[in-house]
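Coordinate inspection notes
Residues per chain, in single letters:
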Amino acid sequence: YYFIGLVRIKILKIANNKISSIESNTFLTLTNLEELDLKNNFLFEIKADLFKDNILIKFLNIDGNIISKIHKNSFQNLTLLTDLSLKENNLYELDENLFSSLVNLRKLSLNNNYIYSISTNCFTTNTRLQEIYLSNNLMKSLNGSLRNLRLLSRIDLSNLKLKEFSSYDFSNLS
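Below is a summary of the structure that appears in this document. (Residues numbered from 1 in each chain as written. Predicted model: local features only at pLDDT ≥ 70, side-chain atom pairs only at ≥ 80, totals over all residues. Heavy atoms only, no water.)

**Regarding the side chain of S109**
Here is the rule: By definition, any uninterrupted DSSP run of H or I lasting at least four residues is a helix, any uninterrupted run of E lasting at least two residues is a strand, and each is numbered from the N terminus. Here a residue-residue contact requires only that any non-hydrogen atoms of the pair lie within 4.5 Å.
With respect to the helices, strands and loops of the structure, S109 is situated in strand β8 (residues 107-109). Other than its neighbours up to four places away in sequence, S109 contacts L84, S85, L86, K87 and Y133.

What follows is the structure in structure tokens.
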């Protein structure tokens, strides 16, 4: 346990360091944590259950790492999370259930990765999503992944490899 006795901490910034790995119990005692900034480190994965006891997190910034693997339960208990930023990592694909527990997510930043594939149902439970940033990735198709996101007000699809849009890609957007 790394932060014993610091239960009152609401904001933790560990940005611009050389951290390459974070053990699953690292943030265990930070049960009041609302904002966590891990940008510009050397993290290569987000382990399952890393944030399991941090159910109050609303803002999570993991930009500028070398993350290529996000375990399927990594965000499982972050139901209050509103802002997730994973810009400038090494993500290649977004699986169906990756963000499924993030029911209050409003802003998602995934720009400047290597994402070539997004599951059709990747954002199905993210119905409160208002902003999504996907620029500078390798996608040739949106695969209908943005459909039904009725609250979207900002979509950045700049500098992708898109060859076409289909009506399915944006169906049921208000």
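Next comes the rest of the description.
**Describing the sheet that holds strand β10 (residues 131-133)**
Quick reminder of the rule: The rule for pairing is simple: two strands pair if DSSP sees at least two bridges between them. Helix axes are fitted only over the stretch in contact, all axes being lines through C-alpha atoms; the angle between N-to-C directions runs from 0 to 180 degrees.
Pairing is parallel across the open sheet formed by 7 strands, whose spatial order is β1-β2-β4-β6-β8-β10-β11. Looking along the sheet, the strands with just one partner apiece sit at the ends: β1 (11-13) and β11 (154-156). In this sheet, adjacent strand axes meet at a mean angle of 5° when their direction is disregarded. Bridge count between β10 and β11: 3 bridges; the pairing is parallel.

**Things to note about the packing of aromatic side chains**
Put simply, the rule reads: We call Phe, Tyr and Trp rings a pair once their centres come within 6.5 Å, taking the six-membered ring for Trp, and we label the pair stacked below 30 degrees between planes, edge-to-face above 60, and tilted otherwise.
This model, assessed by the stated rule, comprises 4 aromatic pairs. When the centroid spacing of 5.6 Å and the interplanar angle of 20° are considered together, the rings of Y92 and Y114 count as stacked. Taken as a pair, Y92 in the loop between β6 (83-85) and β7 (93-94) and Y114 in the loop between β8 and β9 (117-118) lie far apart in primary sequence, 22 residues in all. Ring pairing ties together the aromatic residues F75, F99 and F123, which thus form one cluster.

**Description of the nonpolar core**
Selection criterion: Residues enter a nonpolar core if they are buried and are Ala, Val, Leu, Ile, Met, Phe, Trp, Tyr or Cys, with the set joined through side-chain atoms within 4.5 Å. Each residue is placed in one exposure class: buried if its accessible area under a 1.4 Å probe, protein chains only, is under 20% of its type's maximum, exposed if it is over 50%, and partly exposed if it falls in between.
Counting residues in hydrophobic clusters, the biggest one holds 45 residues, and the most contacted among them are F27, F51, F75 and F99. The residues touching F99, leaving out its near neighbours within four places in the chain, are F75, L84, L86, L94, L108, L110, C122, F123, T125 and N126.

**Re the side chain of N111**
Checked against the element boundaries, N111 lands in the loop between β8 and β9. Here N111 falls in the buried class, since its relative accessible area comes to 12%. Excluding its chain neighbours within four sequence positions, the residues that come into contact with N111 are K87, E88, Y133, L134, S135 and N137.

**Quick look at the pattern of salt bridges**
Which entries qualify depends on this criterion: Criterion for a salt bridge: a side-chain nitrogen of Lys or Arg within 4 Å of a carboxyl oxygen of Asp or Glu.
With the rule as written, the count across this model stands at 4 salt bridges. Between E35 and K13 there is a salt bridge, with its nearest N and O atoms 3.9 Å apart. Of this pair, E35 sits in strand β2 (residues 35-37) while K13 sits in strand β1, and the two are 22 residues apart along the sequence. Under the relative-accessibility criterion, K13 is labelled exposed at 57%. In this structure, K47 and E23 form a salt bridge, with 3.4 Å as the shortest nitrogen-oxygen distance. Of this pair, K47 sits in the loop between β3 (45-46) and β4 (59-61) while E23 sits in the loop between β1 and β2; the two residues are 24 residues apart in sequence, bridging distant segments of the chain. K47 gets classed as buried once you look at its relative accessible area, which sits at 17%. Residue E23 is classed as partly exposed on the basis of its relative accessible area of 40%.

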